[in-house]
Every structure is written in C-alpha cells, then in structure tokens.
Amino acid sequence: MNNEKQFPNLSNMRDRIIECVKCAFCKADCVISKELLWESASPRGKMLLLRGLLDGFGTLTEKTIKSLYNCTFCGECVKDCLAGISLEDVFLAIRKDLFNLSQENKLSESAIIHKVDMLCQRLQENYNPLGNLPEERTIWELGQDIKLPRTAEIVYFVGCMPAYYRKSARTTSQILKALNANFTTLGSSERCCGSLSFFLGDEKTTKELAHYNITRIKESGAKKVVTSCPGCFSMLKREYPKILGKKSEFEVMHISELLIEFLEKDQLHCKSELNLSVMYHDPCELTHFDIYEQPRRILKEIPGIKLLENSENATPTCCGGGGGLMSLDVNLSTKIAKRRLETALDLGAEALITCCPACIAAFTSAAMEYNMPIKIIDLLDLVLQSLENKIEN
Amino acid sequence: MDVIILSPLENVIIEKLAEIVGEQFISTDDADLVSYSSDFMIDVFLKPDVVILPENTPQIAAIVKLANENSIAITPRGAGTATHGGSIAQGGILLDLTRMNKIKELDPISMIATVEPGVVYEDLNRITGKSGLWFPIEPPSGAVCTAGGMVGNNASGLMALKYGTTKDYVLALEVVLADGSIIKTGKSVLKSSSGYDLVHLFVGSEGTLGIITEITLRLIPKPMHLSTAFASFPSLNGLNDAMNAIYEIRRVLTPAGIELIDLQTQKAINEVEKEKLVPEVEILVIFEIHEFSAAGLEDQKDLIEGVARKHNCNEIHWAKDDEERDRMWKARKAATVVSVRSRTSTLLGDLIVPIKHVPAIIRFIQEVAREKDLLISIVGHAADGNIHYLIPFNQNESKKAFDAGDAIVYKTIELGGSITAEHGVGLEKIKYMELEHGESLSLMRAIKKILDPKGIMNPGKIFPAEKQ
Ligand SMILES: Cc1cc2nc3c(=O)[nH]c(=O)nc-3n(C[C@H](O)[C@H](O)[C@H](O)COP(=O)(O)OP(=O)(O)OC[C@H]3O[C@@H](n4cnc5c(N)ncnc54)[C@H](O)[C@@H]3O)c2cc1C
Ligand code: SF4
Ligand code: SF4
C-alpha cells in the first residue's frame with residue numbers, strides 16, 4: 001500500500017527518506033534519543049517510521065504520532081548526518097501533513113494532535129502562544145523610563161516570552177537605551193513571530209503572522225530588526241523570506257550580534273566585577289546561524305566572569321524546550337534540561353548563562369524541579385549589571 | 001537452521017515478559033516494531049513481535065528462559081549499525097540492550113574495564129581516556145555502536161592494522177545461554193591456557209549462541225602523539241603505486257591505519273560535504289600514525305613520505321592540528337554513506353584477501369563494474385586486505401547488482417580470502433557460508449545445536465537452511 005496521497009508534504013521528501021542509509025550517526029547527539037532510548041525516539045527511527053508510513057508497512061499509531069512530535073528541532077541530527085540529509089525539513093513536512101489531517105477531523109482520537117490543535121488555536125486567538133491577552137503585550141513597559149519614538153533606525157522585535165514574562169524585554173531595552181541606540185518597538189501591534197505554529201505544522205497561521213509583522217516593521221521605517229529571542233530571530237531572518245518568497249528589506253540581528261558591533265566601536269564597557277564561574281549554553285536557533293563566538297566574546301568582556309568550556313563535546317547540547325516540546329511534553333523537556341544542567345555542574349559552574357528566553361524557562365523549571373544548585377542567568381542580565389552607564393530601575 | 005517462530009506472540013507471554021521488565025520497557029506498538037525493522041544499509045524490513053529494553057542480567061535470563069520454554073525467537077541488538085541484517089528480527093522478541101550501558105569497573109592499574117553490553121564505544125573511551133587508557137578499535141560507527149554489538153560482530157575499524165580487532169581485547173564474558181542459564185567465561189587476566197577458549201567462541205557469534213551481558217576488556221595506553229596524512233597517487237596506475245608504497249612501508253613499520261579511497265568516492269564526499277574535504281585523484285591513501293614521542297612521530301612521517309614519493313605520490317599532506325585531523329577522518333567515515341545516496345538499494349561488500357592480492361581484487365571489482373555497467377565505489381582498510389565495495393542500484397538493476405556481488409565473492413574465495421572481515425554474516429552473506437567454510441560449517445552447526453537446541457537465538461542468521 002502506498003500512502004503518498006495522505007501525506008503530500010512528506011511525499012515531496014521521499015527522496016530524502018530513501019537516501020537515509022540507517023547508519024544511526026544522527027542518534028549520537030539527539031537528546032530525545034538519549035532520554036527515551038527507544039529507537040522510535042531517535043532521528044533514524046523516525047526516518048524509518050516515515051518510510052513505513054509512505055510505503056505502507058507502518059501505521060499511524062498514537063506512539064508514532066508522539067514520536068514525530070518528540071523533537072526539539074535542535075538540528076544536531078542534521079549536523080551529524082553523513083548523507084547530508086536535512087532531517088528537520090522532513091520532520092516539518094510530516095507535521096504539516098498531520099496538522100492538515102487534523103483540520104479535516106481525521107485524527108480526532110489522538111491526544112497529542114488535540115494538544116497541537118489547542119496550542120495553534122490559542123495562538124490564532126491571542127497572537128501569542130501563552131494564552132495572554134493581546135492588549136497586555138506592552139505590560140513590560142510599565143514603570144520603565146523609556147519613551148520610544150514612532151520610527152527609528154532599529155526595531156526591537158520583543159517576542160512573546162520576553163514581552164509577557166517582562167524581564168528580558170526590560171533588560172534588552174535598558175541595554176539599548178544605555179548604549180544610546182536609536183530604537184523603537186512595534187508596541188501593542190507586534191504579534192507572535194509564529195515560531196510555535198511553524199514547528200507545529202500550522203502553515204496558514206504562520207504565514208498570516210509573517211505577513212502581519214513584516215508590514216508593521218516596514219511601517220516603522222527601520223533598517224535593522226533586533227531580537228532578544230533566538231526563536232524570533234530565526235523566524236524573521238530565515239523563515240519569513242522563505243514564506244513571503246522574497247528577500248528581507250531590513251537586516252535581522254540577534255542582540256548578541258548588535259552588542260558586538262557596539263563592542264567593536266568601543267561603546268560597550270562592562271565594568272562591575274561579578275566573580276562567577278559559568279558555563280555558556282548555546283541556544284540551538286543561534287547555532288544554526290553560527291552564532292557561537294559573539295555571546296562568548298561578550299561574556300569575556302565582563303570582569304570576574306570565568307567561562308568554563310565543555311571540552312568533552314559529548315554531552316547533550318539542547319535545553320529540551322524547542323520545537324514546541326515544552327508545550328507538548330513538559331516532563332520530557334525538563335528531563336532534557338536537567339541533563340544539560342548536570343553537565344554545567346560537572347564542569348564546576350555556579351551558573352548557566354544563555355541568551356534565549358525559552359532555554360531560560362526550560363532550565364529554570366528543571367533547576368527548580370530537581371532542586372539543582374545552579375543559577376540560571378540571562379546573558380543580557382549580566383551585561384546590564386556590569387554596564388558602567390546603566391539606567392537604574 | 002530450522003527455526004520455530006511463534007508469531008504472533010500469545011498475549012499471556014507478553015504479559016509475563018512485562019512482569020519481568022515492567023510495562024514501560026516492553027512494546028508491541030507498531031511504532032516500535034517499524035523503527036527496529038532494519039539496520040545499516042540493508043534494504044530488508046522485518047518486524048519483531050515485541051521489543052524489550054532489559055535493565056540487567058537476571059531480567060535477560062528470565063526472558064530467555066521463557067522464550068526457550070515457548071520456542072520463541074530472540075534477537076539481541078545494540079545500536080543496530082550492523083550492515084547485513086544481523087540485528088533485525090522476523091517475529092519473536094527483539095532485545096534492545098542499550099539500556100544496559102554502565103561501565104561496571106575500570107581498573108587503571110591492571111588496565112582492564114568491565115562493561116555492560118549497551119555501553120557506546122566512544123562513551124567508554126571518554127571515561128577510560130581520563131586514565132590515559134584506550135580501547136583502540138575505532139569503528140567509524142563508534143559514536144553510536146555498542147560494546148555488545150562490537151563483540152557480536154567481532155568489529156574492527158580504522159586502526160586494525162596496528163591494534164587488531166575486538167577479539168584481541170575481550171578477556172572475559174558473562175553470557176545468558178539459550179536455556180536461560182548464566183555463564184561466566186574467561187578471567188580478568190591477560191592470558192590463560194586453561195581449557196577451550198569459549199570467550200572467543202562467542203566473539204563474532206552474532207547473537208546466535210547467547211546474549212552477552214557483561215564484557216571484560218583489555219585496555220592499552222593512549223598514544224600522545226598522533227598524525228594523519230592524505231597521500232595522493234594521481235597516475236592511472238595509482239592503485240599499483242599506492243599498494244607498492246604500502247607494502248614497502250609495512251615491511252619497516254606498522255602505522256595505526258592505512259585507508260584507501262577511490263576517485264568515485266572522493267567525488268561523492270566532496271559533493272555531500274559541499275566543501276573540498278578530500279583531493280580528487282586516482283587513489284587517495286590516508287595514513288594514521290601514533291607515537292609516544294614527538295621525535296618518533298617525525299621519524300615515521302619522514303619514512304612514509306619518502307617511500308610514498310618514491311612510488312609516485314605527488315602530494316602528501318599532514319594535518320596541521322586536531323581540527324584538521326578530525327575533518328580528514330570525517331571524510332573517511334562518510335565514505336561508506338555518500339556514494340550510495342541516489343540509489344534505491346545498495347549492496348555493501350566487506351571482503352578480505354591476503355594483502356598481496358589487494359590490487360588484483362580491486363582490479364577485478366572495477367572490471368565487473370565495467371562489464372555490468374554498474375557504478376561500484378571502493379574504500380578499504382587497504383593495508384590489512386579488507387576492502388569495502390558499494391554497489392548502488394535501482395530496482396530494475398537488482399539482478400545484475402547481485403550477480404556482480406556474487407562474482408566478487410567467488411573471486412575473493414579463489415584468492416584465499418573471506419566473505420566478511422568485520423561486518424558479520426547476518427542475513428545477506430548466508431549464501432556464501434558453505435563456499436567459504438566447506439565441511440567446517442557442519443562443526444559450527446553442531447556447536448550451535450549444543451548451545452541452542454531449539455534454535456531460538458537470532459534465528460535465520462549465519463547458517464543456510466539445512467538440506468533435507
Ligand atoms: C558508517 C558505518 C561504518 C562502519 N564501519 C565498520 C568498520 O569499519 N568495521 C566494523 O567492524 N564495522 C563497521 N560498521 C558496522 C557496525 O557499526 C559494527 O560492526 C558495530 O560493532 C556494530 O555494533 P552495534 O552496537 O550497532 O551492533 P548491532 O548492529 O546492534 O549488532 C551486531 C550483531 O551483534 C549481535 N549482538 C548485539 N548485541 C549483542 C549482545 N549483547 N549479545 C550477543 N549478541 C549481540 C546482534 O544480534 C548482531 O548480530 C560500520 C557501520 C556504519 C554505520
Ligand atoms: S532535531 Fe534534535 S531533537 Fe529533533 S531528532 Fe534531530 S537531534 Fe533529535
Ligand atoms: S545519519 Fe542520516 S543517513 Fe544516517 S540514519 Fe541518520 S538520517 Fe539516515
């Protein structure tokens with residue numbers, strides 16, 4: 001039996017699936033595979049499940065569906081695949097097919113699909129995946145001595161987690177202010193970047209959000225868009241041009257890249273001594289753009305920070321929060337985060353530093369749940385604390 | 001071997017199995033049956049009836065006992081990177097041993113480690129490395145393959161020339177036999193002449209004689225100075241040039257590894273990696289050398305370079321640093337995978353011939369490729385005579401691909417070689433077992449019958465069906 005009609009997006013990936021020689025190299029650094037052990041949790045196992053679905057020797061059980069959503073889209077398997085297969089594209093294709101099938105009520109018995117539907121619906125209704133009210137998006141601005149112009153050279157695209165959890169948005173804007181950057185935000189007219197709907201296979205919602213946000217950015221007249229969330233960064237930089245079918249009219253930067261620009265112009269001066277041994281955690285979405293060095297360079301600028309590197313190069317590299325996993329299976333996501341924290345503790349770190357709100361959320365809940373003696377700190381908080389000319393709030 | 005497979009498994013048995021390992025570690029879900037249905041390269045997809053992830057030896061003993069009483073097939077599996085279907089099961093129980101991944105003891109004084117079968121090769125070396133010790137097999141699949149699977153296949157790898165194969169490091173084993181009894185054979189000592197060597201009966205037995213549940217390994221000091229070179233042999237006679245250089249070098253020193261890659265494979269590597277990882281020449285040879293002193297390393301380099309150049313090597317490039325070394329080996333590790341990407345099926349050969357016949361067998365393979373109009377890529381552990389050939393083919397070419405494979409194997413036997421040097425027999429090479437082993441195959445069968453009278457251990461592997 002051949003199921004190509006049922007899975008049109010997956011069928012387009014048939015050649016990639018056949019190219020898989022089942023060598024299992026992709027398993028070596030997959031955090032899901034390490035955590036769950038079952039072959040169905042490994043990237044190679046998923047490729048086999050997909051081959052089974054296409055060629056009819058596999059069936060769509062609830063565990064098959066769950067396996068296909070057990071992925072953080074960290075991209076480690078892609079880096080390890082000797083056949084050069086972009087597994088993430090394949091895994092996205094099946095998620096699109098599953099989402100479309102669910103819209104036709106064809107998978108109504110699946111608990112996991114029900115969850116996916118709910119999350120996407122929440123996003124469509126509130127323009128954020130957290131279920132908060134859209135009008136509360138600017139709540140982080142309260143009590144801030146920040147008057148933003150209507151148009152500016154830089155738009156700080158705040159993102160849902162920084163906006164609603166407030167701290168990261170406040171820190172970023174205070175840093176930008178301290179550095180005299182000519183910036184503004186989209187205020188209450190910003191909407192979710194669409195990262196969650198993208199990973200959950202909801203193409204329509206993602207497209208709508210991309211169109212909407214791009215229009216607002218254009219209206220702001222900005223030449224540069226800066227994000228503090230690597231998820232937003234990846235959507236704006238890589239996915240929006242693909243979705244809209246044209247090159248971006250503005251430059252998209254992660255805040256760590258912008259800070260390096262200030263550093264190189266000798267405008268970023270970190271002074272206060274902090275005295276902390278830290279491990280830096282690379283958010284997956286930044287590694288996909290080869291942003292490894294920038295955050296480390298910034299850390300090295302902060303007096304008293306001792307950066308411990310994980311030379312063993314063998315431990316899991318993912319926080320467990322990506323690809324929608326934190327929303328779909330918080331237990332699994334937290335276990336993965338715990339493994340990463342154990343690496344930091346083994347290295348002797350007092351704190352794990354990163355610069356992604358999703359990673360911070362995943363690590364914070366793991367540290368709390370497992371009572372781990374380690375601080376989780378946003379790189380931007382460290383920068384702000386040590387800036388000589390910071391604004392006190 | 002005639003095998004009785006109860007399929008589908010009765011529910012009552014599944015319930016008993018679940019009692020042994022716990023509900024969480026047993027599955028009959030199609031997601032698990034499908035995801036364990038194949039292994040590296042082979043285009044065969046077979047589903048077991050049930051997959052189990054045991055935690056310890058007593059659990060395995062109880063599972064095997066139950067399987068034996070009910071004549072249920074049982075197939076052990078490590079990472080499933082075997083190339084010939086050795087780790088897949090048509091019905092019965094598939095035992096995934098990756099949960100048993102502890103290093104039970106590391107004795108840095110005696111230089112011995114005792115491990116569970118599911119420990120991953122590179123994880124083991126990461127730990128032993130902290131004591132300056134090393135299990136030096138270096139299979140290209142080392143980031144995922146397990147100690148149990150390596151013993152199951154008697155795996156070797158990129159450094160076999162100097163360090164040998166898995167069998168040279170296994171000192172003792174704990175094995176669950178087909179009736180569920182547990183035996184320990186061998187000791188944590190470097191030599192013994194006490195009775196038959198049962199340890200090495202199990203090494204390379206591909207799960208057909210018992211489930212290995214504990215492995216005691218000899219370790220060696222990890223050399224401090226390493227270097228890797230790409231040596232290019234550009235002339236049309238590059239194969240003879242390269243092999244003559246290798247023969248001459250081998251008579252005076254033993255490099256850790258000498259690998260050979262043909263032009264077709266070099267091109268495929270560069271294409272997939274989207275950067276020029278390897279030069280493109282008639283024959284590319286990789287030299288790996290290990291030493292305990294920097295001066296010794298330099299001496300080896302000089303010697304290799306001098307001999308290679310004498311045999312028309314026009315460029316020899318030694319890695320500048322570890323990063324470059326890693327890139328070079330990445331290219332070699334990719335070699336078996338990249339050349340078969342655009343095919344629907346692949347035949348992967350693992351022959352070994354006396355090293356004086358390496359040029360003859362390679363020429364023969366090239367001739368077969370021309371005659372049958374097939375693209376056959378060749379990579380090999382050239383200096384020990386172990387050559388891998390890959391025949392990618394589409395459905396309509398399957399007959400000529402298999403005919404080509406047969407012709408190459410017959411030639412291998414004619415040259416005094418063996419059908420498989422390190423990957424094992426599995427499913428794919430069964431048809432050649434009689435040819436290679438003749439009468440001694442009966443003795444192998446007899447041993448199998450004594451240890452596994454009902455034929456429940458990894459059935460359908462190694463042995464051709466007995467003639468009625
Ligand atoms: C890219 C690539 C390159 C490779 N190159 C090489 C190479 O150069 N040299 C080489 O030797 N191999 C090579 N291999 C093959 C393979 O990786 C090795 O043979 C490896 O040792 C198999 O380990 P595994 O854990 O995957 O075992 P599996 O594939 O899971 O099992 C191998 C065999 O051992 C049996 N087995 C597994 N565990 C046990 C146990 N506990 N008790 C009893 N029997 C058991 C299985 O039933 C099976 O028959 C390569 C594989 C790949 C993917
Ligand atoms: S993207 Fe990451 S989590 Fe997903 S399969 Fe690949 S390695 Fe595993
Ligand atoms: S590494 Fe690539 S080729 Fe190998 S099993 Fe994974 S997806 Fe398949």
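Numbers given to residues run from 1 along each chain, matching the order in which its sequence is written. All chains are assigned letters beginning at A, and all ligands numbers beginning at 1, according to the order in which they are written. pLDDT decides what is reported in this predicted model: residues at 70 or higher carry local features, side-chain atom pairs at 80 or more are listed and counted, and totals for whole chains, interfaces and linings draw on all residues regardless. Each side-chain value is derived from all of the structure's non-hydrogen atoms; neither hydrogens nor water enter the calculation.

Q: How should the overall build of chain B be read in this particular structure?
A: Only DSSP runs of H or I with at least four residues qualify as helices, and only runs of E with at least two residues qualify as strands; both kinds are numbered from the N terminus onward. Assigned secondary structure in chain B consists of 15 helices and 18 strands. We compute the radius of gyration over the C-alpha atoms and compare it with the globule rule, which gives 2.2 Å times the number of residues raised to the power 0.38. Against the compact-globule benchmark of 23 Å for 468 residues, chain B has a radius of gyration of 23 Å, which places it among compact chains. The C-alpha extent of chain B, read off along each of the three principal axes, is 70 × 55 × 45 Å. To sort residues, take the accessible area from a 1.4 Å probe on protein chains only and compare it with the maximum for the residue type: under 20% means buried, over 50% means exposed, and anything in between is partly exposed. Across the 468 residues of chain B, 60% fall into the buried class. Within chain B, contacts between residues separated by at least 24 positions form 72% of all contacts whose residues are at least 6 apart in sequence. Using the Shrake-Rupley algorithm and a 1.4 Å probe, accessible areas are obtained, with residue cover drawn only from the displayed protein chains. Summed over its atoms, the accessible surface of chain B is roughly 18300 Å², and 52% of this surface lies on carbon and sulfur atoms. Contacts are assigned to residue pairs that have any heavy atoms within 4.5 Å of one another.

Q: So what exactly am I meant to see when it comes to the site of ligand 1 here?
A: Throughout this document, a residue counts as near a molecule or strand when at least one of its heavy atoms sits within 4 Å of that molecule or strand. The environment of ligand 1 is formed by 36 residues, the closest being Pro76, Gly78, Thr81, Ser141 and Thr146 of chain B. What surrounds ligand 1 is not a single chain but chains A and B. Any N or O atom pair separated by 3.5 Å or less is treated as a polar contact, with the protein-specific requirement of one donor-capable and one acceptor-capable atom, and with residues adjacent in sequence counted only for side-chain atom pairs. The backbone of Pro76 of chain B places a nitrogen or oxygen atom 2.6 Å from an oxygen atom of ligand 1. In this structure, an oxygen atom belonging to ligand 1 sits 3.4 Å away from a side-chain N or O atom of His381 of chain B. When the free accessible area of ligand 1 is taken as 980 Å², the share hidden by the protein chains comes to 99%. Those elements that provide at least two residues to the shell around ligand 1 are β3 (74-77), α5 (147-153) and β10 (211-218) of chain B. Among the elements that make up the shell around ligand 1, the one with the highest residue count is α5 of chain B (5 residues). Polarity classes work like this: nonpolar for Ala, Val, Leu, Ile, Met, Phe, Trp, Tyr, Cys and Pro, charged for Asp, Glu, Lys and Arg, and polar for all others, with Gly in that last group. Partitioned by chemical class, the residues of the shell around ligand 1 number 14 nonpolar, 19 polar and 3 charged. Segmentation of the chain into domains, including their bounds, is taken from an automatic or database domain assignment. Two domains each put at least three residues into the shell around ligand 1: domain 1 (11-96) and domain 2 (103-221) of chain B.

Q: Can you help me understand empty space enclosed by the protein in this one?
A: Here the idea is plain: a probe the size of a water molecule rolls over the atoms and shows the empty space left. All names here are of chain A. In this analysis, the protein atoms alone were mapped onto a 1 Å grid. Cavities are point sets where a 1.4 Å probe fits without being able to get out; pockets are open sets with protein on both sides within 12 Å along at least five of seven lines; lining residues have an atom within 4 Å of a point. Grid points are joined across faces, edges and corners, and a volume is the space filled by probe spheres set on the points. The tally for this structure, following the rule as stated, stands at 8 cavities of 30 Å³ or more. In this structure, the largest cavity encloses a volume near 710 Å³. Among the residues forming the lining of the largest cavity, the class breakdown is 17 nonpolar, 21 polar and 5 charged. Roughly 110 Å³ of internal volume is contained in the second largest cavity. Surrounding the second largest cavity, 15 residues form its lining, Cys20, Cys23, Cys26, Cys81 and Ile85 being those nearest its centre. Residues belonging to the lining of the second largest cavity are distributed by class as follows: 13 nonpolar, no polar and 2 charged.

Q: I would appreciate a short explanation of the packing of aromatic side chains in the present structure.
A: A ring pair, where both rings are aromatic, is described by two values, the distance of the centres and the angle of the planes. Think of it this way: a Phe, Tyr or Trp ring, Trp meaning its six-membered ring, pairs with another when their centres are within 6.5 Å, and the plane angle makes it stacked under 30 degrees, edge-to-face over 60, tilted otherwise. All told, the structure shown has 9 aromatic pairs over all chains when counted by the stated rule. Ring centres of Phe393 of chain B and Phe402 of chain B lie 5.6 Å apart, and the angle between their planes is 70°; on these two criteria the pair is classed as edge-to-face. Phe393 of chain B sits in the buried class, given a relative accessible area of 4%. The rings of Phe73, Phe198 and Phe199 of chain A are connected pair by pair, giving a single aromatic cluster. The ring of Phe91 of chain A carries the charged tip of Lys46 of chain A above its face, separated from the ring centre by 5.6 Å. Residue placement shows Arg216 of chain A over the ring face of Tyr212 of chain A; its charged tip is 4.6 Å from the ring centre. Comment: the charge-over-ring label is applied if NZ (Lys) or CZ (Arg) is within 6 Å of the ring centre and within 35 degrees of the ring normal.

Q: I'm lost on the site of ligand 2 in this one. Help?
A: Residue and element names in this part refer to chain A. Every residue close to ligand 2 is listed here: Cys30, Ile32, Pro43, Lys46, Cys71, Thr72, Phe73, Cys74, Gly75, Glu76, Cys77 and Phe91. Looking at the shell around ligand 2, the elements with two or more residues in it are α4 (43-55) and α6 (76-80). Tallied by class, the residues present in the shell around ligand 2 amount to 8 nonpolar, 2 polar and 2 charged.

Q: Just to check I follow, could you spell out the packing of helix α7 (residues 87-103) of chain A against helix α8 (residues 111-126) of chain A for this structure?
A: Helix packing geometry: the angle between the two helix axes and the distance between the axes. Residue and element names in this part refer to chain A. Axis angles are defined between N-to-C directions and span 0 to 180 degrees, where every axis is a line fitted to C-alpha atoms and, for a helix, only to the segment in contact. Orientation of α7 relative to α8, taken along the N-to-C sense of each, is 85°, at an axis distance of 10 Å. The orientation of α7 with respect to α8, classified from their angle, is roughly perpendicular. Packed against α7, whose contacting residues are Leu98, Phe99, Ser102 and Gln103, the element α8 presents Ile113, Val116, Asp117 and Cys120 at the interface. Looking at the contact of α7 with α8 residue by residue, the classes come out as 5 nonpolar, 2 polar and 1 charged. Each angle gets one of four labels, with under 35 degrees taken as roughly parallel, over 145 as roughly antiparallel, 65 to 115 as roughly perpendicular, and the rest as oblique.

Q: Can you help me understand the domain arrangement of chain B in this one?
A: Interface size, as often reported, equals the accessible area lost upon joining of the parts. Residues and elements named next belong to chain B. Annotation of chain B at the domain level lists domain 1 (11-96), domain 2 (103-221) and domain 3 (225-414). Placing the centre of domain 1 and that of domain 2 at their C-alpha centroids yields a distance of 22 Å. Taking both sides of the interface into account, the surface hidden between domain 1 and domain 2 amounts to around 1100 Å²; carbon and sulfur atoms contribute 69%. Looking at the side of domain 1 facing domain 2, the largest losses of area belong to Thr57, Val64 and Pro76, adding up to 35% of the total buried there. A pairing counts as a salt bridge when a side-chain nitrogen of Lys or Arg comes within 4 Å of a carboxyl oxygen of Asp or Glu. Run the count over domain 1 and domain 2 and you get 0 salt bridges. At 6 residues, helix α3 (residues 57-69) tops the list of elements feeding residues into the side of domain 1 that touches domain 2. Across the side of domain 1 that touches domain 2, the residue classes break down as 7 nonpolar, 4 polar and 2 charged. A quick way to say it: buried area is the sum, across both parts, of accessible area lost when two parts are put together, with a 1.4 Å probe.

Q: Help me understand the pairing of strand β5 (residues 276-280) of chain A in this model?
A: Within a regular beta strand, the side chains point alternately toward one face of the sheet and then the other, so they alternate between its two faces. Residue and element names in this part refer to chain A. A large share of β5 lies buried, amounting to 5 of its 5 residues. Alternating positions in β5 separate into two faces, Leu276, Val278 and Tyr280 on one and Ser277 and Met279 on the other, with burial throughout. As defined by bridge partners, β5 adjoins strand β6 (residues 305-308) across 4 bridges and the pair is classed as parallel. Bridge pairing links Val278 to Leu307 in β6. Strands pair, by our definition, only if DSSP identifies at least two bridges between them.

Q: Mind showing me how you'd approach unusual backbone geometry here?
A: For residues other than glycine, phi is negative in most cases, and the peptide bonds are mostly trans. The phi dihedral of Asp266 of chain A falls on the positive side, at around 60°, and the residue is not glycine. Along the chain, the position of Asp266 of chain A falls in the loop between α14 (255-264) and β5. Despite not being glycine, Asn312 of chain B has its phi angle at roughly 70°, a positive value. Along the chain, the position of Asn312 of chain B falls in the loop between α10 (294-310) and β15 (315-318).

Q: Explanation requested: the state of the cysteines in the structure shown.
A: Joining two cysteines, a disulfide is a covalent bond between their sulfur atoms. Any cysteine sulfur atom paired with another within 2.5 Å is treated as part of a disulfide. One pass over the structure, following the stated rule, counts 0 disulfides over all chains. Summary of cysteine pairing: Cys232 of chain A is not part of a disulfide, and the nearest cysteine sulfur, belonging to Cys229 of chain A, is at 3.8 Å.

Q: Help me out: how do you make sense of the environment of Met150 of chain B in this one?
A: Among the structural elements, Met150 of chain B can be located in helix α5. Once residues lying within four places of it in the same chain are set aside, the contact partners of Met150 of chain B are Tyr121, Phe135, Ile137, Pro139, Cys145, Ala155 and Thr166 of chain B.

Q: Where do I start with the packing of helix α9 (residues 263-273) of chain B against helix α11 (residues 322-338) of chain B in this structure?
A: Residue and element names in this part refer to chain B. Where α9 meets α11, the axes come as close as 9 Å, and the angle between the chain directions of the two elements is 100°. Taken together, the axis directions place α9 and α11 in an arrangement best described as roughly perpendicular. Contacts between α9 and α11 involve Thr265, Ala268, Ile269, Val272 and Glu273 on the former and, on the latter, Lys330, Ala331, Ala334, Ala335 and Val338. Here the contact of α9 with α11 is composed, by residue class, of 7 nonpolar, 1 polar and 2 charged.

Q: Which parts of the structure should I look at to understand the side chain of Lys301 of chain B?
A: All names here are of chain B. In this fold, Lys301 is placed in helix α10. Taking the relative accessible area as the measure of exposure, Lys301 reaches 15% and is therefore buried. Other than its neighbours up to four places away in sequence, Lys301 contacts Ser227, Ile289 and Trp318.

Q: How do you make sense of the interface of chain A and chain B when you look at a structure like this?
A: At the interface, 30 residues of chain A touch 45 residues of chain B. Summed over both sides, the interface between chain A and chain B buries roughly 3000 Å², with carbon and sulfur atoms accounting for 62% of that surface. Among the residues of chain A in contact with chain B, Val21, Trp38 and Leu82 of chain A are the three that bury the most area, contributing 23% of the side total. Here chain A is connected to chain B by 3 salt bridges. With its nearest N and O atoms 2.7 Å apart, the salt bridge here joins Asp32 of chain B to Lys63 of chain A. Counting across the interface, chain A meets chain B through 14 residue pairs in polar contact (both at pLDDT 80 or more). Elements represented by at least two residues in the side of chain A that touches chain B include exactly α2 (14-19), α4 and α5 (62-69) of chain A.

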